[in-house]
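# Coordinate analysis (summary)
This is what each chain is made of:
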Amino acid sequence: MGYAPATMNRPRTAAMIVAAGQGLRAGSVVPKQFAHLGGRALVTHAWRAFTAHPGIDAVIVLVGEGQLEQARAALDPDAVILTGGARRSDTVAIGIAAIGETADRVLIHDAARPLVPAAVIDRVLGMLDSADGAVPTMPVVDTLNRDDGTLVPRDGLYRIQTPQGFRLDALARAHANWPTGLEASDDAQMVRRVGGRVELVQGDPMLEKVTYPDDFSAAEARLRRETRSASGYDVHRLEDGEELWLAGVLIPHHQGLSGHSDADVALHALTDALLGTIAAGDIGTHFPPSDMQWKGASSDRFLAHAAQLIGDQGGRIDFVDLTIICEAPKIGPHRPAMVARIAEILKIHPSRVSLKATTTERLGFTGRGEGIAAQAVATVSLPEMPR
């Protein structure tokens, strides 16, 4: 199971993510646990939250029949994935059997609740020091009415969330003694039936369940994001007989930039800046000069590739700032076209593109007209990464 050793006599804890449903109400062409939120599958968000938590020693994911390949594509290669049963209780029972004696406690979580605050995990685990089970809850704040208009008092009513935590022996006993054919609403009900003490802990609005199509928009708004910035720099030599491409625009000039591709120094610097925001190396990593397929290639392909990699991680390009350094040609007359072209390649509004030009007062290789340099800074927002 890949358990980390417990330290300081801390109980060993496994997390079980139940992702075996079909999720038809979500309106997706794939089961909702594999539908994307912020560029990642719902189950991926939950898996990352548990694997990043220091109190969790192992995580297993249980999926439906025929869903193993989808799960493997959504998770890391070392993720433990099992096929669940026909009913939720059957799936949990399979997880219990797989954990066996390798853990003392287990957290059971629904993949349809992708955003799992570490503080809730802490509260559930803390309660298991004195109780057989712990369930995160949110108070009912809306007015409740029956069909006939009768008001239902909401005092003492709570909405149940996951992860629900249990001492493994109590949970195993509850499943072993549950009446055949009777479907349980959740595992807490089963543990209470055999006399186990299940306590309530404070839940979190982040744990709202994703069930219907509109729920994805609501979850997207709750998704915690982090801002990253990175810089890029490039330089190319000016030579006779070459075309001059700058920021995706062909500039009339008596010389052009020399390089393996079209040598668009501005787009190269910007590509490196974007790759830097996701720690994805540099332009040479993805498009090595030794590969002849990139000979004379248009640099807009490089920039679009970097933008796609950010999008694949659920990222959003918020702003790019580019400075072109040269004595000639004059950049000002071409600035609007350059800004428009960069915005087009990155699929962002032109107001999110800053483009400036400067000289080195005839100092250095750019001052002598031997080449053109460019430096860029990119700012993106990404789903928050485990720390």
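Structure report, in brief. (Residues numbered from 1 in each chain as written. Predicted model: local features only at pLDDT ≥ 70, side-chain atom pairs only at ≥ 80, totals over all residues. Heavy atoms only, no water.)

### As for the overall build of the protein
Just so we agree on the cut-off: Strands here are runs of E lasting at least two residues and helices are runs of H or I lasting at least four, both read from the DSSP assignment and numbered beginning at the N terminus. Only protein chains enter the accessibility calculation, which uses a 1.4 Å probe; a residue is then buried when its area is under 20% of its type maximum, exposed when over 50%, and partly exposed in between. Residue contacts are defined here by distance: any two heavy atoms, one from each residue, within 4.5 Å place the two residues in contact. Working definition of accessibility: Shrake-Rupley area with a 1.4 Å probe, residue cover restricted to the visible protein chains. Only four residue types enter the tally: Lys and Arg on the positive side, Asp and Glu on the negative side; His and the chain ends are excluded. One atom stands in for each charge, and that atom is NZ of Lys, CZ of Arg, CG of Asp or CD of Glu.
Within the protein, the secondary structure is distributed over twelve helices and 19 strands. Out of the 387 residues in the protein, the part that is buried amounts to 49%. A fraction of 71% describes how many contacts in the protein between residues 6 or more apart in sequence connect residues 24 or more apart. Here the protein displays about 18,400 Å² of accessible surface, and carbon together with sulfur accounts for 52% of that area. For the protein, the distance from the average site of its 38 positive side-chain charges to the average site of its 46 negative ones is 4 Å.

### Description of the nonpolar core
One recurring pattern in soluble globular proteins: nonpolar side chains tend to sit buried together. Selection criterion: Among buried residues, those of type Ala, Val, Leu, Ile, Met, Phe, Trp, Tyr and Cys that are joined through side-chain atoms within 4.5 Å constitute a nonpolar core.
Ranked by internal contacts, the top residues of the largest apolar core, which has 42 residues, are Leu274, Ile342 and Leu346. Those elements that provide at least two residues to this core are β14 (244-246), β15 (249-251), α8 (265-277), α10 (300-312), β17 (316-325), α11 (335-346), β18 (353-358) and β19 (371-383). Residue contacts for Ile342: discarding those within four places in its chain leaves Ala247, Leu267, Leu270, Val320, Leu322, Val353 and Leu355.

### A look at the packing of aromatic side chains
Let me state the cut-off plainly: Pairing of aromatic rings covers Phe, Tyr and Trp, the last counted by its six-membered ring, and requires centre-to-centre distances within 6.5 Å; plane angles under 30 degrees mean stacked, over 60 mean edge-to-face, and any other angle means tilted. By the criterion adopted, a ring carries a charge over it if an Arg CZ or a Lys NZ lies within 6 Å of its centre and within 35 degrees of its normal.
Counted under the stated rule, the structure contains one aromatic pair. Arg193 extends its terminal NZ or CZ atom over the ring of Trp178, reaching a point 5.6 Å from the ring centre.

### Some thoughts on unusual backbone geometry
Pro163 follows Thr162 through a cis peptide bond whose omega is 15 degrees. Position of Pro163 among the secondary structure elements: in the loop between β10 (158-160) and β11 (164-167). Put simply, Ala328 and Pro329 share a cis peptide bond, and its omega is 0 degrees. Within the fold, Pro329 resides in the loop between β17 and α11. A positive phi is found at Ala247, a non-glycine position, where the angle reads about 55 degrees. By the secondary structure assignment, Ala247 is in the loop between β14 and β15. For Ala247, a relative accessible area of 0% gives the class buried.

### What to know about the pattern of salt bridges
To keep things clear, this is the line we draw: Here, a salt bridge means any Lys or Arg side-chain nitrogen found within 4 Å of an Asp or Glu carboxyl oxygen.
All chains considered together, the criterion is met by 15 salt bridges. The partner of Asp318 in a salt bridge is Arg316, with the nearest N and O atoms 2.9 Å apart. Judged by relative accessible area, which is 16%, Asp318 ranks as buried. The partner of Arg368 in a salt bridge is Glu370, with the nearest N and O atoms 2.8 Å apart. For Glu370, a relative accessible area of 34% corresponds to the partly exposed category. Among the ionic contacts, a cluster of salt bridges with common partners joins Arg87, Asp90 and Glu183.

### Here's the deal with helix α5 (residues 168-176)
Formally: Each direction from the helix axis to a C-beta atom contributes to the arc, which is the arc of those directions.
For α5, every residue scored as buried is listed here: Leu168, Ala170, Leu171, Ala174 and His175. When α5 is viewed along its axis, its buried side chains cluster within an angular range of 165 degrees and face the same direction. For α5, exposure combined with an orientation more than 90 degrees from the buried face picks out Asp169 and Ala176. Turning to α5, the residues buried within the fold contact α3 (88-99), β6 (105-110), β11 and α6 (187-193).

### Quick notes on the sheet that holds β18
Put simply, the test is: Two strands form a pair only when DSSP identifies at least two bridges running between them. Geometry is summarised by axes, namely lines fitted to C-alpha atoms with helices restricted to the contacting stretch, and by angles between N-to-C directions that run from 0 to 180 degrees.
Strand order in the open sheet formed by five strands is β16-β13-β19-β17-β18, with mixed pairing between adjacent strands. Strands at the two margins of the open sheet, each flanked by one partner only, are β16 (255-258) and β18. Across this sheet, the average inter-strand angle for adjacent strands is 25 degrees, counted without regard to direction. Pairing geometry for β17 and β18, over six bridges, is parallel. Counted as the bridge partner of Asp321 is Ser354 from β18. In this fold α8 packs onto β13 (225-240), β16, β17 and β19, with an angle of close to 155 degrees to the strand it touches most, β13.

### A few points about the side chain of Ser354
The cut-off we apply is this: Think of a polar contact as two N or O atoms within 3.5 Å of one another; within protein, one of them needs to be a possible hydrogen donor and the other a possible acceptor, and neighboring residues in sequence only count if both atoms come from side chains.
Relative to the helices and strands, Ser354 resides in strand β18. Take Ser354: its relative accessible area is 18%, and that puts it in the buried class. Here Asp321 takes part through its side chain, which lies 2.7 Å from a polar atom of the side chain of Ser354. Those residues in contact with Ser354 that lie beyond four places of it in its chain are Phe319, Val320, Asp321 and Leu322.

### Here we look at the packing of α8 against α10
Pairs of packed helices are described in terms of their axes, by the angle between the two and the distance that separates them. Spelled out, the test is: Any angle that is under 35 degrees is reported as roughly parallel, and any over 145 degrees as roughly antiparallel; angles of 65 to 115 degrees are reported as roughly perpendicular and all others as oblique. It is the rotation of the near helix from the far one that decides the hand of a crossing: anticlockwise by less than a right angle makes it left-handed, clockwise makes it right-handed.
Between α8 and α10, the least distance of the axes is 9 Å, while the angle of their chain directions is 15 degrees. With respect to their mutual orientation, α8 and α10 come out roughly parallel. Pair α8 / α10 crosses with left-handed handedness. For the pair α8 and α10, the contacting residues are Leu267, His268, Leu270, Thr271, Leu274, Leu275 and Thr277 in the first and Asp300, Phe302, Leu303, Ala306, Leu309 and Ile310 in the second.

### Here we look at the packing of α10 against α11
Going by this rule: Note that Gly is not counted as nonpolar here; it falls among the polar residues with everything else outside the nonpolar set of Ala, Val, Leu, Ile, Met, Phe, Trp, Tyr, Cys and Pro and the charged set of Asp, Glu, Lys and Arg.
Between α10 and α11, whose axes approach to 9 Å, the crossing angle comes to 45 degrees. Taken together, the axis directions place α10 and α11 in an arrangement best described as oblique. Here α10 contributes Asp300, Leu303, Ala304 and Ala307 to the contact with α11, which in turn contributes Arg341, Ile345 and Leu346. Along the lines of polarity and charge, the residues of the contact of α10 with α11 split into five nonpolar, no polar and two charged.

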